[in-house]
Amino acid sequence: MPHSSRMVLGRQVDYNRRYDPDQLCPIPRSLGREAAGIEGAETFGHGVDIWNIFELSWLNASGKPLVAMAEVRVPWNSPCLIESKSLKLYCNSFNMTALESADELRLTMTRDLSRAAGADVTVRIIAAEEFSQCTLAEPEGTCIDGLDITDFTYEPDAALLGTASDSARETLFTRLFRSCCPVTGQPDWATLRITYAGPRILHDGLLRYLVSYREHQGFHEACVEKIHADIHRHCGAQELEVSARFTRRGGLDISPVRSTRPGPWPNPRDPRQ
């Protein structure tokens, strides 16, 4: 397993103009989970990391450039996640590489990404003539951003969560979520959605809790897992799904999902993506 010292995030690197699978840098998921105080999957048994790749290009057999997008799904329980900048460098290494077809690209990416993650990764190539089908969609559920509350803190504090005496089944979301990259310190923005069944979660406490990540440094995937674990532990939800649609960076965006139920999970693009 490659050591985290191979990470290219936050470092100036040269682009490889030819296909180079060695650009991919796996990161053990255990690193982010240990930093977040998560020992494993004690609160969720299902999930996926959905990557949308918007900058994908290669050459056909005659040297003509072609463009496409791709949807990549990495299982939540793969031993490793893939560092985002290394994925960008890997994708760009196809720019001057001749391939017989888009299917050859799909098979190559599937093989390389599965090897890096240590689990079966699925890749869907979205051809240019399919771009019009990639529409934006507002989040489902009730937005809690309009609550008139004060007394915010800016480091994760699960004690802010609370429940009422009755039960509920509802979907809530916020556009106010922000965390920070643990390597570069740069902000990561997301629309975060929670679907649960169990004791009614107090909306004001939930919004305070989610805003408390504003200066927290953590990988996207680990943030979603910590939120899932905290809500499960402090609110007693019998069913729980937490998903975050992070905004694009470097031609990539990522949407981790962690859930007590199996998928399938759709991939609607948030308006900010």
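The rules we used
- Residues numbered from 1 in each chain as written.
- Predicted model: local features only at pLDDT ≥ 70, side-chain atom pairs only at ≥ 80, totals over all residues.
- Heavy atoms only, no water.
- Helix = DSSP H or I, 4+ residues; strand = E, 2+ residues; numbered from the N terminus.
- Rg over C-alpha atoms; globule rule 2.2 N^0.38 Å.
- Buried < 20%, exposed > 50% of the residue type's maximum accessible area, 1.4 Å probe, protein only.
- Contact = heavy atoms within 4.5 Å.
- Areas by Shrake-Rupley, 256 points an atom, 1.4 Å probe, with all protein chains shown as cover.
- Lys, Arg positive; Asp, Glu negative; His and termini not counted.
- Charge placed at Lys NZ, Arg CZ, Asp CG, Glu CD.
- Pairing = 2+ DSSP bridges.
- Axes fitted to C-alpha atoms, helices over the stretch in contact; angles between N-to-C directions.
- Salt bridge = Lys/Arg side-chain N within 4 Å of Asp/Glu carboxyl O.
- Polar contact = N/O pair within 3.5 Å; in protein donor to acceptor, adjacent residues only side chain to side chain.

### Some thoughts on the overall build of the protein
Here's step 1: On a plain count of helices and strands, the protein comes out with five helices and 10 strands.
Here's step 2: Against the globule reference of 19 Å for 273 residues, the protein gives a C-alpha radius of gyration of 19 Å, in line with a compact fold.
Here's step 3: The dimensions of the protein, computed from C-alpha atoms along their principal axes, are 65 × 40 × 30 Å.
Here's step 4: Within the protein, buried positions represent 52% of all 273 residues.
Here's step 5: Taking contacts inside the protein between residues at least 6 apart in sequence as the whole, the part at least 24 apart equals 75%.
Here's step 6: In the structure as shown, the protein presents an accessible area of about 12600 Å², 50% of it carried by carbon and sulfur atoms.
Here's step 7: Once the 30 positive and 36 negative side-chain charges of the protein are each reduced to a mean point, those two points are 4 Å apart.

### A word on the sheet that holds strand S9 (residues 239–246)
Neighbouring strands of a sheet are bound in pairs by backbone hydrogen bonds; such pairs are parallel or else antiparallel.
Here's step 1: Reading across the sheet, the eight strands line up as S5-S3-S2-S10-S9-S8-S7-S6 and stay open at both edges, with mixed pairing between neighbours. At either margin of the open sheet sits one strand with a lone partner, and together these are strand S5 (122–127) and strand S6 (142–143).
Here's step 2: Judged from the eight bridges that link them, strand S8 (residues 187–201) and S9 form a sheet pairing that is antiparallel. Bridge pairing links alanine 190 to phenylalanine 246 in S9.
Here's step 3: Across the sheet, helix H5 (residues 220–235) touches strand S2 (46–59), strand S7 (163–180), S8, S9 and strand S10 (252–259), and the angle it forms with S10 is around 25°.

### A short note on the pairing of S9
Here's step 1: In terms of burial, S9 is largely enclosed, as seven of its eight residues are buried.
Here's step 2: In this structure, S9 lies alongside S10, joined through three bridges in antiparallel fashion. Counterpart to serine 243 in the pairing with S10 is valine 257.
Here's step 3: The hairpin turn running from S9 into S10, its antiparallel successor, is five residues long, and glycine 250 in that turn takes a positive phi close to 60°.

### Some points on the side chain of glutamate 170
Here's step 1: Relative to the elements of secondary structure, glutamate 170 occurs in strand S7.
Here's step 2: The charged side chain of glutamate 170 is buried without a salt bridge, its nearest counter-charge being arginine 200 at 4.2 Å.
Here's step 3: Of the polar contacts made by the side chain of glutamate 170, one reaches the side chain of tyrosine 196; its length is 2.4 Å.
Here's step 4: Those residues in contact with glutamate 170, other than ones at most four positions away along the chain, are Ile194, Thr195, Tyr196, Arg200, Ile201 and His203.

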